[in-house]
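Chain and residue survey
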Amino acid sequence: MRRSVVNCVLGVGFFAVAAALLVARGSPPTGYEASIYAGTPTATWLGLGVAMAVAVAIALLARGLDQAAGIGLGGLSVTAIVALPAVRNYRFSGMGDALTHLGWTRDFLEGAMYPHELFYPGVHGIASALHLAGGIPVERALLLVVVALFVPFVVFVPLVVRDMTGDGAAVGFAAIAAWLVLPINNVATHMGIHTNSNALFLVPAVFFAFVAYSRRRADLEALPFAISPFGLLLLASSVALLLVHPQQMVNVVVVLAAICLVQFVCRRRSGNPAIAGHRTAYAHTLALGGLFVAWSLSNERFRDALSGLFYGLATAGVGAGSEVGQRGSSLSEVGGSLGELFVKLFLVSALIGGVVGLFVLLTWLGRTRIDSESRAFVTYFGAALVPLGAIFLVYFVGTPTMAFRQVGFIFVVITVLAGVALARGVGWLSGLVTTPGATAVAAAALGACLVLALATLFASPFIYTPTQHVTDAQVSGYDSAFEHGSEEIAYAGYGFGVTRYGQGLYGVERDQDRRYRATIAGTVEPDPFEAGAYGEAYPPDRYYLVVTEYDRVREHEVYDELHHSEEGLAELATDPAANELLSNGEVTLYAVEDR
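Residues numbered from 1 in each chain as written. Predicted model: local features only at pLDDT ≥ 70, side-chain atom pairs only at ≥ 80, totals over all residues. Heavy atoms only, no water.

Before going further, it helps to examine the overall build of the chain. For the chain, the helix and strand inventory stands at 26 helices and six strands. With 595 residues in all, the chain has 54% of them scored as buried. A fraction of 74% describes how many contacts in the chain between residues 6 or more apart in sequence connect residues 24 or more apart. Counting every atom, the chain has about 24600 Å² of accessible surface; 62% of that belongs to carbon and sulfur. (Helix = DSSP H or I, 4+ residues; strand = E, 2+ residues; numbered from the N terminus. Buried < 20%, exposed > 50% of the residue type's maximum accessible area, 1.4 Å probe, protein only. Contact = heavy atoms within 4.5 Å. Areas by Shrake-Rupley, 256 points an atom, 1.4 Å probe, with all protein chains shown as cover.)

What follows is the structure, encoded as structure tokens:
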């Protein structure tokens, strides 16, 4: 492509991103948004769509600095989507683990907890630093940390592939694969304040350090005492990963252990000469494994999680099979199906995973035309998928949530391999048609995949889960409800428990004795509630019921009144057993008693 044409096209792309962000910034939400996609202006999506189309074209057609600019444009566009909650001035985003992480950050700032007392203090520590140094509200600081930790993913995936192969086509395809954000599945990995998911985006930086360390000659690039700078980078990036979430650091150790096994076998059986020439990762694997053991065994939270896994393995009916069956039954009752949800959440992942699996198999069978250096790294990461898959199976039987978290990490590895696999696939296809024709087919297919993948990046009614948007009215409503209620009366939620909000408002450590922790479930039971027996819907004879706009949207619209109906809630307002104590348009507090 001519330089002038490329410059003009790139200029249009970057201008489109800038315009999209300005429009999004100028349209903050006026209340709770059930879907961040519907709430964001159409002009923003048009601008980002134009930018992504330009980025895909430049990443596949250009090379050198032009390709780098196209990859930068695509990475910027995807990062802009990730940053939408912060750009559009959400008070906060996330109503589950995210509120607990908000509470832990408050504990750090108030001195109720120290960083070393938390198993994964990285996200909370960075947010605390932003709050203290820049005066940024704690909620917004956490939203910015999510964006900051996402950036390494779109930066380092193409860098890893460039170091693996040196092939410009593979680098372009790797960048596009990164924009699909395959590690997010919205089952157990989420785009938001979720430390396990946030840690996934740091993994490519660790992989880059390993690839660079393996290929660099010790006599040309060394610090004093023959220490490799990339070896130190491997250790440092892994320690950072440990602090964000240790589970993903364990997976990195598993990957390095699998690579060490490949290196050990190949060096003794005269395998791939490139592998024999690589620097080994034995010492790094042992050091990181030892560091994880020392860090985790001293932490009570890790010991509890490990015992829970063993309990799940030994207990019938705990595994993912039963949970999937329950989800399927619920989906059918609201007009959906597991098949439909699979297409929305996993079709793109399944397609890319299938291409990568076939490519790795053909590489091991010697049926692909790649150089020995590239084949070595494909062998490394392909071999690592075996123990990672075995761990997934163990989790699948024992703890379903952990199984889908493992899937998230597996797709980080698959994303790296996808760059090489897609480049070779298009190279094969160009032998049947033409190179421009094969590239056009690949661009169209990947463009469609980008639309579907990015449409499920956030929770929304499209995947039967409303956006977990926390508004100013929700925060003030919960705060008033907690502060002005009687000490002797417990709290219950309508569809979402109140405990998480208490943690987010007051801190996790400082709320241990508060009354909204009175019951485990924290929500009213649907059957007696819908039957009008409001006083029997929660264990105490008297309780406060908190109903939010999020609850109404989720229970009445998204769940199609599966558990609670509009009629049942409307009748509560006129029932003698209930008194409305406060309402601000998004949060309503009732006092309910058994009569």
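Residues W179, M191, F207 and L457 are the most contacted members of the largest nonpolar core, which totals 166 residues. Those residues within four positions of M191 in sequence are excluded, and the remaining contacts are V82, V146, F150, V181, I184, F201, L457 and F458. (Core = buried A, V, L, I, M, F, W, Y, C linked by side-chain atoms within 4.5 Å.)

Here the focus is the pattern of salt bridges. For the structure on display, the rule yields nine salt bridges. Between E139 and R91 there is a salt bridge; the shortest N-O distance is 3.3 Å. Highlighted residues: E139 in helix α8 (residues 138-165) and R91 in the loop between α5 (84-87) and β1 (92-93), separated in sequence by 48 residues. Looking at E139, the relative accessible area reads 9%, which means it is buried. Assessed through its relative accessible area of 29%, R91 is described here as partly exposed. With a shortest N-O distance of 2.7 Å, E340 and K344 are connected by a salt bridge. (Salt bridge = Lys/Arg side-chain N within 4 Å of Asp/Glu carboxyl O.)

Aromatic ring pairs are described here by two measures, namely the spacing of the ring centres and the angle between the planes. Tallying each qualifying case throughout the model produces 27 aromatic pairs. Ring centres of F207 and F381 lie 5.1 Å apart, and the angle between their planes is 55°; on these two criteria the pair is classed as tilted. Taken together, the residues span a long stretch of sequence, with F207 in helix α11 (residues 203-215) and F381 in helix α19 (residues 372-398) at a distance of 174 residues. F207 gets classed as buried once you look at its relative accessible area, which sits at 3%. Under the relative-accessibility criterion, F381 is labelled buried at 0%. Considering the side-chain rings of Y538 and Y543, the 5.2 Å spacing of their centres and the 55° angle between planes classify their relative orientation as tilted. (Phe/Tyr/Trp six-rings, centres within 6.5 Å; stacked < 30°, edge-to-face > 60°.)

Take the side chain of N251 next. Within the element layout of this structure, N251 appears in helix α13 (residues 246-269). Residues in contact with N251, not counting those within four places in the same chain, are L388, I391, Q406 and F409.

Time to look at the sheet that holds strand β3 (residues 490-493). Reading across from one edge, β3-β4-β6-β5 is the order of the four strands in this open sheet, with mixed pairing throughout. Either end of the sheet is taken by a strand with one partner, and the two such strands are β3 and β5 (578-583). With direction set aside, neighbouring strand axes in the sheet form an average angle of 25°. Across the face of the sheet, helix α22 (residues 472-484) comes into contact with β3, β4 (542-548), β5 and β6 (587-593) while running at roughly 30° to β6. Docked against the sheet, helix α25 (residues 549-558) engages β4 and β6, running at close to 75° with respect to β4. (Pairing = 2+ DSSP bridges. Axes fitted to C-alpha atoms, helices over the stretch in contact; angles between N-to-C directions.)

A surface patch of nonpolar side chains, amounting to about 340 Å² of accessible area, comprises L261, F264, V265 and Y282. Within the secondary structure, F264 sits in helix α13. (Patch = residues over 30% accessible without salt bridge, like charges linked within 9 Å, V, L, I, M, F, W, Y side chains within 5 Å.)

Attention shifts here to the packing of helix α18 (residues 338-364) against helix α21 (residues 435-455). Working note: a packed helix pair is described by the angle between its axes plus the distance between those axes. Packing of α18 against α21 brings their axes to within 9 Å, and their N-to-C directions diverge by 135°. Considering their axes alone, α18 and α21 lie oblique with respect to each other. The interaxial crossing formed by α18 with α21 has left-handed handedness. Note on element contacts: α21 touches α18 through C449, L452 and A453, opposite V343, K344, L347 and V348. Split by residue class, the contact of α18 with α21 holds six nonpolar, no polar and one charged. (Parallel < 35°, antiparallel > 145°, perpendicular 65-115°, else oblique. Left-handed = near helix turned anticlockwise from the far one by under 90°. Nonpolar A, V, L, I, M, F, W, Y, C, P; charged D, E, K, R; others polar.)

Another point: the pairing of β5. As defined by bridge partners, β5 adjoins β6 across five bridges and the pair is classed as antiparallel. Of the residues in β6, the one forming a bridge with E580 is Y590. Counting the residues that bridge the hairpin from β5 to β6 gives three residues, and of these G585 lies at a positive phi of roughly 95°.

Looking at where G495 falls in the secondary structure, it is placed in the loop between β3 and α23 (499-506). In the structure, G495 is positioned 56 residues away from D551 in sequence and 5.6 Å away in space, judged by C-alpha atoms. For G495, the contacting residues outside a window of four places in its chain are T523, D551, R554 and E555.

Here we come to a negative patch on the surface. Residues E557, D560, E561, E566, E567 and E571 make up a contiguous surface patch of negative charge. No other element matches the three residues that helix α26 (residues 566-574) contributes to the negative patch. Looking at where E567 falls in the secondary structure, it is placed in helix α26. (Lys, Arg positive; Asp, Glu negative; His and termini not counted. Charge placed at Lys NZ, Arg CZ, Asp CG, Glu CD.)

Helix length check: α22, at 13 residues, gives a terminal C-alpha distance of 18 Å against a target of 18 Å (1.5 Å per residue), a fit within 8%. Among all positions of α22, only A473, Q474, V475, G477, Y478, A481 and F482 are buried. (Expected span 1.5 Å × (residues − 1).)

For residues other than glycine, phi is negative in most cases, and the peptide bonds are mostly trans. Backbone geometry places V181, a non-glycine residue, at a positive phi of 50°. Position of V181 among the secondary structure elements: in the loop between α9 (168-179) and α10 (195-200). Assessed through its relative accessible area of 2%, V181 is described here as buried. Non-glycine residue E561 carries a positive phi angle of around 60°. In this structure, E561 sits in the loop between α25 and α26. Here E561 falls in the partly exposed class, since its relative accessible area comes to 35%.

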